[in-house]
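Results of the structural survey
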Amino acid sequence: KYKSSANVGPLFGFMADIPIFSGLHLRPELNYIRKGSKVEQSYLGITNMVEYKYLMNYISLPVVICYNFQIGTDSKIFVGFGPEVSYGISGKLKWKANGTSDQTDIKFDGKKDAEVTDDDLHLKGFETGLASKVGLQSAFGAYLEFGYNF
């Protein structure tokens, strides 16, 4: 049996809100984001026999086109989609198996298995995808935003 789930992580950054025309806005961002997942594998009905947890830190540049829906006099609800480019800066892989646990670093240097001389996990540095978001902009300019990256 195989089970996986996404980890929720922090996001901090800067955003520009550029009006294009009536309700449509371009929102380029520069963010720090933690991405990750948890994977559980079991064999012959024994649950949680092997568990992996990936925690990875990225610098991310999404460019999202949002549409704002006016609510009240000064607040807005927005939805948006757009491309995203990310670069991995650090990470950890933690695992548990048969009562023991360990961890290793994740390095975003793109080395192939034949080039690796350590126990670290080596991944490509750049990642591309689609960013989606929905949120609320208050009358004071504060944002409450939920997003998902594909």
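It should be noted that the structure appears before, not after, this text.
As the structure is a computational prediction, the values presented were derived from the model and not from experiment.

Here's the deal with the pairing of strand S6 (residues 75-97)
Inspection of the sheet shows S6 paired to strand S9 (residues 126-137) by twelve bridges, in the antiparallel sense. Looking across to S9, one finds that Pro-83 is bridged to Leu-130. Where S6 folds back on strand S7 (residues 100-107), the antiparallel hairpin that results is connected by two residues, among which Asn-98 adopts a positive phi of roughly 50°.

Some points on the packing of aromatic side chains
Both the distance between ring centres and the angle between the ring planes are used here to describe each pair of aromatic rings. Taken as a whole and assessed by the stated rule, the structure comprises six aromatic pairs. Look at Tyr-67 and Phe-69: their rings are 4.9 Å apart centre to centre, the planes differ by 70°, and that puts the pair in the edge-to-face class. Accessibility expressed as a relative area gives 35% for Tyr-67, which makes it partly exposed. Against the face of Phe-78 rests Arg-27, its NZ or CZ located 4.3 Å from the ring centre. Of note, Lys-35 hangs over the ring of Tyr-58, and the distance from its end group to the ring centre comes to 4.7 Å.

Topic: the side chain of Ser-60
Tracing the sequence through the fold places Ser-60 in strand S5 (residues 46-71). At 2.5 Å, the side chain of Ser-60 and the side chain of Glu-84 are in polar contact. Those residues in contact with Ser-60 that sit more than four places away from it in its chain are Glu-29, Leu-30, Asn-31, Ile-33, Glu-84, Val-85 and Ser-86.

Rules and cut-offs
- Counting starts from 1 at the beginning of each chain's written sequence and moves along it residue by residue.
- Where local features are concerned, this predicted model is filtered to residues with pLDDT of at least 70; where side-chain atom pairs are given and counted, the filter is 80 or more; whole-chain, interface and lining totals use all residues.
- Values shown for side chains rest on all heavy atoms present in the structure; no hydrogens or waters enter the calculation.
- Whether two strands pair comes down to DSSP finding at least two bridges between them.
- By definition, any uninterrupted DSSP run of H or I lasting at least four residues is a helix, any uninterrupted run of E lasting at least two residues is a strand, and each is numbered from the N terminus.
- What counts as a ring pair is set by centres within 6.5 Å for rings of Phe, Tyr and Trp (its six-membered ring), and what kind of pair is set by the plane angle: stacked under 30 degrees, edge-to-face over 60, tilted for all other angles.
- Three exposure classes are used, based on accessible area relative to the maximum for each residue type with a 1.4 Å probe and protein chains only: buried under 20%, partly exposed in between, and exposed over 50%.
- Criterion for a charge above a ring: Lys NZ or Arg CZ within 6 Å of the ring centre, and within 35 degrees of the ring normal.
- What qualifies as a polar contact is a pair of N or O atoms within 3.5 Å, subject to a donor-acceptor requirement within protein and to the restriction that residues adjacent in sequence count only when both atoms come from side chains.
- A contact between two residues is defined here by any heavy atoms of the two lying within 4.5 Å.

Any link to function would need more than the numbers given here.
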